[in-house]
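So you can see what is in the structure, the chains are spelled out below.
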Amino acid sequence: MGFLNAPLLWGLAAISLPILIHLLNRRRFNVVRWAAMDFLLEAQRENRRRVRLEHLLVLFLRCLALALLALLLARPAVSERGLGFLPGVSEPIERIVILDDSGSMAYRSGRGTSFDRARRLTERLVNDLTSQRPRDYLTVLRASKPEAAELRLATPTGDDAERFLSRLKEAEPGSGTLDLPRVLESALGTEPSKAPGKAVLYVITDLRHRDWIGETGELPKRIAAAIRESGRAGEGALRVLVVDVGGQGTRNLGVVGLEPVEKLAMAGLPFEVAVTVKNYGSEPVYEVPVTLETRDGRIPLAPLASIEPGGVASVRHRTTFLEPGAQALSVSVGEDALPLDDSRHLALEVTEQLRALLIDGEREEGPLGSEAALLRLALAPPGDLLSGVEPSVVLAEDAAAEELAGYDLVILCNVARWPVERQEELERFVRRGGGLAIFLGDKVEREAYERVLWREGQGLLPVQLGDPLEAQQEDQRPSLAPPADDHPLVKVFRGERNPFLTRVRASRWLSISSEGEPILRLTDPARTPYLVEKTFGKGRVVLFNTTADNAWSNLPKNVGWPVVVQELARLLAPSATRGRQLRCGEPLVRPFDQARDRRRAQVRVPGEERLRDLYASQPPSADEPGGDERGAAAPEEADEGRLELRLRDTSQAGVYELRMTSLRGDPRSELFAVNVDPSEGDLTRALPKQVQSGLEGIVIQFTSAGEEISLLSVTDGTRTELWRTLLYALVAVLLLEQVAAWWAAHHRPPLAR
């Protein structure tokens, strides 16, 4: 039982009024002894018991009438499903609300967005609990931040619930996706000693196929597993209600791709991007406008003629960046019912030149005597034509003074060994997106390479180096076999009858296995790999089974050598967008150089006027995300180990600006693009039967959200007001009171004589 106007229950205190009047009436008479009254007093003593009962009956009826009047004004309501007013039935239970605030909840239909309907339902549930179930416990989680509950085992009438309702009025859906199994783990993970025995789980969502079924159809099993692992799947322990607040329409266009066609972005050179738009609706669309926004303004692109239902269309555009530095591009289509995916962003670093570090393992006299001389000329040919590569040559013994972080790619030319103490530095350089090329030679110590660079296949070296081989006779020297794959490094050697293949002759090489990813092979009987590639983290490693000079082959004399070297530089160089493209919800992480920058940085988040502070700290462990509730890592002292800047909260799509300051006080900025998951625009609905069939015994109740629906009524039954019954009872009691009062005053039997 509950009361719609519970404060008016204070009116029950009016029951005391008839009692007070009765007591006061008894005290206002003075007793006077008079002989003539002895006969009357004797008669009164004989009828005292009956008279007292009549007075008490009238008093009871008057008190009952006031009590019924107070209850009538408080408007009690009782559940039709159970006798909620009986002892033991109304014991507290936990109400758990999962509020889906993923990007698709911003879809507009009817009287607002799906999230607007979810907000109203949540507000009404809290208000209903306040008036009808004030002793229950309330837990509320937003799907975007399940680890930070809005409420946890709070009472509906408490201050926490009131503050939550205030925050809920300002809440808006984010740009991320719904990971329901993870949210269920947080929602149902309350310690049993703190939670009531029974619970009702409300999942307020738009019930999209992507979030409930998934591409492989395995999501219902994961959802069922999360409920079972919570320990609340026992009979009667947990009741689950899924509330569908999704809109009925599915008309939506989404920008699903803004990708660079070229890997590098260099100042003064054209940079091409490809824009892809998908039609998630059920009807074709025509003449779709596309706009590209750069630092210099907005550029209308060629409109997309038509896109069929479920189809995609693309358009390309070339733009030129005049200055190096951080740049951002944004593309958008006309706004529709789901603005979330109507735009997409691209952040990139425009460079003036690629910085290549050539480590020469052999000191020779003369302009072309060194091991890396021909390689340096191919990377930066003399003349007015700029190649975009700035090579720096250092001897192996002087390489220890070079900071690898200052270069885009490193090339080892007949280097005897790589220092063990710098092994981790080189691996970190490549793992973060740098490039490494290795040219062999007579000075290479195979055991050192195996120990430091191969490391049983876990290191940088693509293959294990074998024994040296040599062709004594010139006519026995193998040439290059036609490449099987369309790789940019060997495009100059494509074709069975390509003359460049037979002109390259190898006099010496190492026997290596065919493990790794061979790009080019020799024509010797073993078909020995000549060029081998390996992906390592975000970077690449390319091994040349030859020298960078003419000692082992005539490749550097071949006219195709400059093409191979230029393509090598572009292949190994980090992408202009490296590490700058993120999905909503993915933390923004930037390695920190404490020898260069101050530990405090700032980040500008889209839609926020104030900058957030970030502090360099050690990376969090796997089971400890770290950082405060807004996502900025705490300024903890971390003098040892690797440091990084980390922003956990990237729920808002857009371009983020990271501002750093060097130790000398020089400011600089880096841009990061945070985009929604392209599939977030797919509004295809999941059918309740589909979901239920995959839950493996877990029973879930589904309901559609109407404007007047009460979630408490759905789970606890419809509540009926008792005001009409109380009104009838009040009238009957008042009539009985009148009859009893008249009877007590006028219908007394005659006194005994």
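**Quick word on the overall build of the protein**
When helices and strands are counted, the protein shows 15 helices and 34 strands. A total of 753 residues make up the protein; the buried ones form 47% of that total. Across the protein, every contact between residues at least 6 apart in sequence was considered, and the portion connecting residues at least 24 apart equals 74%. For the protein, the exposed area adds up to about 38800 Å²; of that, 51% sits on carbon and sulfur atoms.

**Some points on empty space enclosed by the protein**
Inspection of the entire model under this criterion finds 3 cavities of 30 Å³ or more. Of the pockets and cavities examined, the largest cavity occupies roughly 60 Å³. Lining the largest cavity we find 10 residues, and of these Tyr 107, Gly 246, Gly 247, Leu 683 and Arg 685 sit closest to its centre. Across the lining of the largest cavity, the residue classes break down as 2 nonpolar, 5 polar and 3 charged. Put simply, the second largest cavity is a space of about 50 Å³. Leu 180, Leu 184, Leu 201, Val 203, Trp 212, Ile 223, Ile 227, Val 240, Val 242 and Ile 700 together form the lining of the second largest cavity. When contributions to the lining of the second largest cavity are tallied by element, the ones reaching two or more residues are α5 (180–187), β6 (199–205), α7 (219–229) and β7 (238–244). Its residues assigned to classes, the lining of the second largest cavity comprises 10 nonpolar, no polar and no charged.

**Some words on the pairing of strand β24 (residues 529–536)**
Counting buried residues along β24, 7 of its 8 residues qualify, which places the element largely inside the surrounding structure. As paired elements, strand β23 (residues 517–521) and β24 share 4 bridges and run antiparallel to each other. Among the inter-strand pairings, Pro 518 is bridged to a residue of β24, identified as Val 532. By the bridge criterion, 6 bridges tie β24 to strand β25 (residues 539–544) in an arrangement that is antiparallel. Residue Phe 536 lies in a different strand from β25, and its bridge partner there is Gly 539.

**Comments concerning the environment of Val 691**
As for its placement among the helices and strands, Val 691 is situated in helix α13 (residues 688–693). Placed 468 residues apart in sequence, Val 691 and Ile 223 show a C-alpha to C-alpha distance of 9.7 Å. What Val 691 contacts, discounting residues up to four positions off in sequence, is Trp 212, Ile 213, Pro 220, Ala 686 and Phe 702.

**A closer look at unusual backbone geometry**
The backbone of Leu 207 sits at a positive phi, close to 55°, despite the residue not being glycine. Here Glu 287, not a glycine, exhibits a phi torsion of approximately 50°, which is positive. Tracing the sequence through the fold places Glu 287 in strand β10 (residues 285–288). Taking relative accessible area as the criterion, Glu 287 reaches 53% and is therefore assigned exposed.

**Some details on the sheet that holds strand β14 (residues 312–320)**
Read across the sheet, 3 strands follow the order β8-β9-β14 without closing on themselves; strand pairing throughout is antiparallel. Edge positions in the open sheet fall to β8 (253–260) and β14, since each of these has one partner strand only. Each adjacent strand pair in this sheet contributes to an overall mean axis angle of 20°, direction not counted.

**Here's the deal with the nonpolar core**
By size, the foremost hydrophobic cluster in this structure holds 42 residues, and its most contacted members are Leu 375, Leu 379, Ile 411, Leu 480, Leu 489, Phe 493 and Tyr 530. The contact partners of Leu 489, leaving out residues within four places of it in the chain, are Ile 519, Leu 531, Val 542, Val 564, Glu 567, Leu 568 and Leu 571.

**A short note on the pairing of strand β16 (residues 343–350)**
Along any regular strand, the residues point their side chains to alternate faces of the sheet. Where burial is concerned, most of β16 is hidden: 6 out of the 8 residues are buried. Here strand β15 (residues 325–333) pairs with β16 via 8 bridges, running antiparallel. Considered in β16, the bridge of Gln 327 is made with Leu 348.

**Notes on the packing of helix α3 (residues 114–132) against helix α4 (residues 159–170)**
Running from N to C, α3 and α4 point in directions that differ by 165°, and their axes come no closer than 10 Å. Classified by the interaxial angle, the pair formed by α3 and α4 is roughly antiparallel. α3 and α4 meet at a crossing whose hand is left-handed. Mapping the contact onto sequence places Arg 119, Thr 122, Glu 123, Val 126 and Asn 127 in α3 and Phe 164, Leu 165, Leu 168 and Lys 169 in α4. For the contact of α3 with α4, the residue count by class is 4 nonpolar, 2 polar and 3 charged.

**Considerations on α4**
Every α-helical turn comprises 3.6 residues, leaving residues that sit three or four positions apart pointing alike. With 12 residues, α4 should reach 16 Å at 1.5 Å per residue; the first-to-last C-alpha distance of 18 Å fits that figure. Along α4, the residues classified as buried are Ala 161, Phe 164, Leu 165 and Leu 168. The buried residues of α4 occupy one face: seen down the axis, they fall within an arc of 100°. In α4, the exposed positions that point more than 90 degrees away from the buried face belong to Asp 159, Glu 162, Lys 169 and Glu 170. Looking at the buried side of α4, the elements it contacts are β3 (94–99), α3, β4 (137–142) and β5 (151–154).

**Looking at the sheet that holds strand β29 (residues 612–615)**
Spatially, the 5 strands line up as an open sheet ordered β26-β32-β31-β28-β29, and their pairing is mixed. Here the strands that pair on one side only, and so sit at the sheet edges, are β26 (581–583) and β29. Taking each pair of neighbouring strands and ignoring which way they run, the sheet shows an average axis angle of 30°. The pairing of β26 with strand β32 (residues 667–675) spans 3 bridges and is parallel. Paired with Leu 582 across the strands is Val 674, a residue of β32.

**Focus on the packing of α5 against α7**
One can describe the packing of α5 onto α7 by two numbers: an axis separation of 9 Å at closest approach and a directional angle of 10°. With respect to their mutual orientation, α5 and α7 come out roughly parallel. When α5 is examined against α7, the residues Leu 180, Pro 181, Leu 184 and Glu 185 are found in contact with a partner set consisting of Leu 219, Arg 222, Ile 223, Ala 226 and Ile 227. A class-by-class count of the residues in the contact of α5 with α7 yields 7 nonpolar, no polar and 2 charged.

**Some remarks on a nonpolar patch on the surface**
Taken together, the side chains of Leu 727, Tyr 728, Val 731 and Leu 735 define a hydrophobic patch exposed on the protein surface, amounting to about 400 Å² of accessible area. Tracing the chain through its elements places Leu 727 in helix α15 (residues 723–746). Taking relative accessible area as the criterion, Leu 727 reaches 33% and is therefore assigned partly exposed.

Calculation notes
Residues numbered from 1 in each chain as written. Predicted model: local features only at pLDDT ≥ 70, side-chain atom pairs only at ≥ 80, totals over all residues. Heavy atoms only, no water. Helix = DSSP H or I, 4+ residues; strand = E, 2+ residues; numbered from the N terminus. Buried < 20%, exposed > 50% of the residue type's maximum accessible area, 1.4 Å probe, protein only. Contact = heavy atoms within 4.5 Å. Areas by Shrake-Rupley, 256 points an atom, 1.4 Å probe, with all protein chains shown as cover. 1 Å grid on protein atoms, 1.4 Å probe; cavity = no way out; pocket = protein on both sides within 12 Å on 5 of 7 lines; lining within 4 Å. Points joined across faces, edges and corners; volume = space filled by probe spheres on them. Nonpolar A, V, L, I, M, F, W, Y, C, P; charged D, E, K, R; others polar. Pairing = 2+ DSSP bridges. Axes fitted to C-alpha atoms, helices over the stretch in contact; angles between N-to-C directions. Core = buried A, V, L, I, M, F, W, Y, C linked by side-chain atoms within 4.5 Å. Parallel < 35°, antiparallel > 145°, perpendicular 65-115°, else oblique. Left-handed = near helix turned anticlockwise from the far one by under 90°. Expected span 1.5 Å × (residues − 1). Arc of directions from axis to C-beta. Patch = residues over 30% accessible without salt bridge, like charges linked within 9 Å, V, L, I, M, F, W, Y side chains within 5 Å. Salt bridge = Lys/Arg side-chain N within 4 Å of Asp/Glu carboxyl O.

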